[in-house]
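Each chain, written out:
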Amino acid sequence: MPIGPLMIEHRLIERMVKLMAEELPKMEEKRGVNIGFLSEAIDFIRTYADRCHHGKEEDILFRDLAAKLLSAEHKKVMNELVEEHISARKIVSRLAGAKERYARTQKDGFQEMITCLTELVEFYPAHIEKEDKRFFLPVMNYFTRQEKDEMLQEFWAFDKNLVHEKYRNMVEGYEKNKKP
Ligand SMILES: [Fe+2]
Ligand SMILES: [Fe+2]
């Protein structure tokens, strides 16, 4: 079943989100930030949770579901899930911006980082629960066995390309920003 890998990915996202939640009281207590951890958490959310995980949901599963005659309820939940991915991306961008400001000034952006982290640790468990409990299993019924097998193959191909895409983008980004 193609939802197998998606659910396994949910478990790792939950573990990372738990670590982020544990970081919050420490930040408030010290009035400071572990920039190294925060940078890696942002990379995890962007690369793993968003590009790798939401990427497979949106570019493959939701794309194939959109070609099916969905019930009103499933259509509604799918639209909500897409909207939620968009709002999560915005929170992570705000968090990354706040982290940059904080790294530069050692004070600006602190409260914004707390706000964004709080929003993310609330967002992910609710979003994941909605998919795990109300969406993934029932929507598998729209697909034949062969369609599910093909979807799983496409998931593997998608994942295989990611590490190449990530580092190609990194090199290209530095090349573009190089001063002449
Ligand atoms: Fe999702
Ligand atoms: Fe998900």
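Residues numbered from 1 in each chain as written. Chains lettered and ligands numbered in written order. Predicted model: local features only at pLDDT ≥ 70, side-chain atom pairs only at ≥ 80, totals over all residues. Heavy atoms only, no water.

Student: Just checking my understanding: could you explain the coordination of the iron ion (ligand 1) for this structure?
Tutor: Protein ligation of the iron ion (ligand 1) involves Glu57 (OE), His85 (NE2), His127 (NE2) and Glu131 (OE), the donor distances falling in the range 2.0 to 2.2 Å. Each donor residue of the iron ion (ligand 1) belongs to the same chain, and together they define the spacing E-x27-H-x41-H-x3-E. In this model, the iron ion (ligand 1) sits 3.2 Å from the iron ion (ligand 2), the two metals being bridged by Glu57. You can see Glu57 sitting in helix α2 (residues 35–66) and its partner His85 sitting in helix α3 (residues 72–105), a full 28 residues away along the chain. (Donors = N, O, S within 2.8 Å, 3.2 Å for Na, K, Ca; no water. Helix = DSSP H or I, 4+ residues; strand = E, 2+ residues; numbered from the N terminus.)

Student: Sorry if this is basic, but what is going on with a nonpolar patch on the surface here?
Tutor: On the surface, a cluster of nonpolar side chains totalling about 520 Å² of accessible area is made up of Val163, Tyr167, Met170, Val171 and Tyr174. As for its placement among the helices and strands, Val163 is situated in helix α6 (residues 145–177). (Patch = residues over 30% accessible without salt bridge, like charges linked within 9 Å, V, L, I, M, F, W, Y side chains within 5 Å. Areas by Shrake-Rupley, 256 points an atom, 1.4 Å probe, with all protein chains shown as cover. Salt bridge = Lys/Arg side-chain N within 4 Å of Asp/Glu carboxyl O.)

Student: Please clarify how the packing of helix α1 (residues 3–30) against α2 should be interpreted in this entry.
Tutor: When two helices pack together, their arrangement is given by the angle between their axes and by how far apart the axes lie. Closest axis-to-axis distance for the α1/α2 pair is 11 Å, and the angle between their directions is 155 degrees. Considering the angle they form, α1 stands roughly antiparallel to α2. In terms of crossing hand, the pair formed by α1 and α2 is left-handed. Of α2, the residues touching α1 (which contributes Leu6, Glu9, His10, Leu12, Ile13, Met16, Leu19, Met20 and Glu23) are Phe37, Ala41, Phe44, Ile45, Tyr48, Ala49, Cys52, His53, Lys56, Glu57 and Leu61. (Axes fitted to C-alpha atoms, helices over the stretch in contact; angles between N-to-C directions. Parallel < 35°, antiparallel > 145°, perpendicular 65-115°, else oblique. Left-handed = near helix turned anticlockwise from the far one by under 90°. Contact = heavy atoms within 4.5 Å.)

Student: Quick question: what am I supposed to make of the pattern of salt bridges here?
Tutor: Charged atoms that come close allow side chains of opposite charge to pair. Counted according to the given criterion, the structure contains 24 salt bridges. The salt bridge partner of Arg11 is Asp132, with a shortest N-O separation of 2.7 Å. Taken together, the positions of Arg11 in helix α1 and Asp132 in helix α4 (residues 110–134) put the pair 121 residues apart, joining distant regions of the chain. What makes Arg11 partly exposed here is its relative accessible area of 35%. The exposure class of Asp132 is buried, given its relative accessible area of 16%. A salt bridge links Glu147 to Lys68, with the shortest nitrogen-to-oxygen separation between them at 2.9 Å. Pair noted here: Glu147 is in helix α6 and Lys68 is in the loop between α2 and α3, with a separation of 79 residues, a long-range link. Judged by relative accessible area, which is 28%, Glu147 ranks as partly exposed. Note on Lys68: relative accessible area 25%, which makes it partly exposed. One network of salt bridges, with partners in common, ties together Lys76, Glu80, Glu84 and Lys130. (Buried < 20%, exposed > 50% of the residue type's maximum accessible area, 1.4 Å probe, protein only.)

Student: Hey, could you run me through the packing of aromatic side chains in this one?
Tutor: Any two aromatic rings considered together are summarised by their centre-to-centre distance and by the angle between their planes. One pass over the structure, following the stated rule, counts four aromatic pairs. With centroids separated by 5.0 Å and ring planes inclined at 35 degrees, the aromatic side chains of Phe44 and Tyr48 adopt a geometry described as tilted. Of this pair, Phe44 and Tyr48 are both found in helix α2, four residues apart, which corresponds to roughly one turn of the helix. Ring geometry for Tyr102 against Phe110: centres 6.1 Å apart, planes inclined by 45 degrees, an arrangement best described as tilted. Residue classification places Tyr102 among the buried positions, given a relative accessible area of 7%. Classification of Phe110 as buried rests on a relative accessible area of 5%. (Phe/Tyr/Trp six-rings, centres within 6.5 Å; stacked < 30°, edge-to-face > 60°.)

Geometric values such as these leave the question of function open.
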